[in-house]
Amino acid sequence: MAEKDSALIDVIASGFDTDGDTTVVVLRHEGREIDRQEIAFSGAQSDQRARFKVPATKLGWQEYVVEVEPVADDVLIK
């Protein structure tokens, strides 16, 4: 990133059998949460978008992590 620049992080989350369910998309930088957005699914299968605009706080390459929390009744397998 350059000084006074910003990054646009566009996330698409796909839901299957999630009609009416909501979830939260979390953006992290250096282990800290910097933003979150709730998204709602509609229909048997749908794609929902979350968009984050992140201003540059320092020069150089920056790494971000996006997490999508499980919807209700979802099973997380690691």
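Everything below is about the structure printed above this text.
How each quantity is defined
- Residues numbered from 1 in each chain as written.
- Predicted model: local features only at pLDDT ≥ 70, side-chain atom pairs only at ≥ 80, totals over all residues.
- Heavy atoms only, no water.
- Salt bridge = Lys/Arg side-chain N within 4 Å of Asp/Glu carboxyl O.
- Helix = DSSP H or I, 4+ residues; strand = E, 2+ residues; numbered from the N terminus.
- Buried < 20%, exposed > 50% of the residue type's maximum accessible area, 1.4 Å probe, protein only.
- Pairing = 2+ DSSP bridges.
- Axes fitted to C-alpha atoms, helices over the stretch in contact; angles between N-to-C directions.
- Contact = heavy atoms within 4.5 Å.

Asker: Would you mind going over the pattern of salt bridges with me for this structure?
Answerer: Under the counting rule described, the total for this entry stands at 6 salt bridges. One salt bridge connects arginine 49 with aspartate 10, and the closest N-O pair in it is separated by 2.9 Å. Of the two residues, arginine 49 sits in strand E4 (residues 45-55) while aspartate 10 sits in strand E1 (residues 6-16), which places them 39 residues apart along the sequence. Arginine 49 gets classed as partly exposed once you look at its relative accessible area, which sits at 48%. Residue aspartate 10 is classed as partly exposed on the basis of its relative accessible area of 36%. Between glutamate 69 and arginine 36 there is a salt bridge, and its shortest N-O distance comes to 3.7 Å. With glutamate 69 in the segment after strand E5 (64-68) and arginine 36 in strand E3 (residues 32-40), this pair connects stretches of sequence that are 33 residues apart. Each of Asp10, Arg49 and Arg51 takes part in salt bridges that share partners, so that together they form one network.

Asker: Can you help me understand the sheet that holds E3 in this one?
Answerer: Strand pairs in the sheet, formed through backbone hydrogen bonds, run parallel or antiparallel to each other. Taken in spatial order, the 3 strands of this open sheet run E3-E2-E5, and their pairing is antiparallel. Only two strands of the sheet have a single neighbouring strand rather than two, namely E3 and E5. On average, each strand axis in the sheet is inclined to that of its neighbour by 20°, with strand direction left out of account. Sheet analysis places strand E2 (residues 22-29) next to E5, joined by 5 bridges and oriented antiparallel. Residue arginine 28 lies in a different strand from E5, and its bridge partner there is valine 65.

Asker: Hey, could you run me through the environment of lysine 53 in this one?
Answerer: Residue placement: lysine 53 occurs in strand E4. Under the relative-accessibility criterion, lysine 53 is labelled exposed at 64%. A C-alpha to C-alpha distance of 6.6 Å links lysine 53 and serine 6, two positions 47 residues apart in sequence. Residues within four places of lysine 53 in sequence aside, it is in contact with Ser6, Ala7 and Leu8.

Asker: Which parts of the structure should I look at to understand unusual backbone geometry?
Answerer: Not every positive phi belongs to a glycine, and aspartate 17 is a case in point at roughly 55°. In this structure, aspartate 17 sits in the loop between E1 and E2. Note on aspartate 17: relative accessible area 69%, which makes it exposed. Non-glycine residue glutamate 30 carries a positive phi angle of around 55°.

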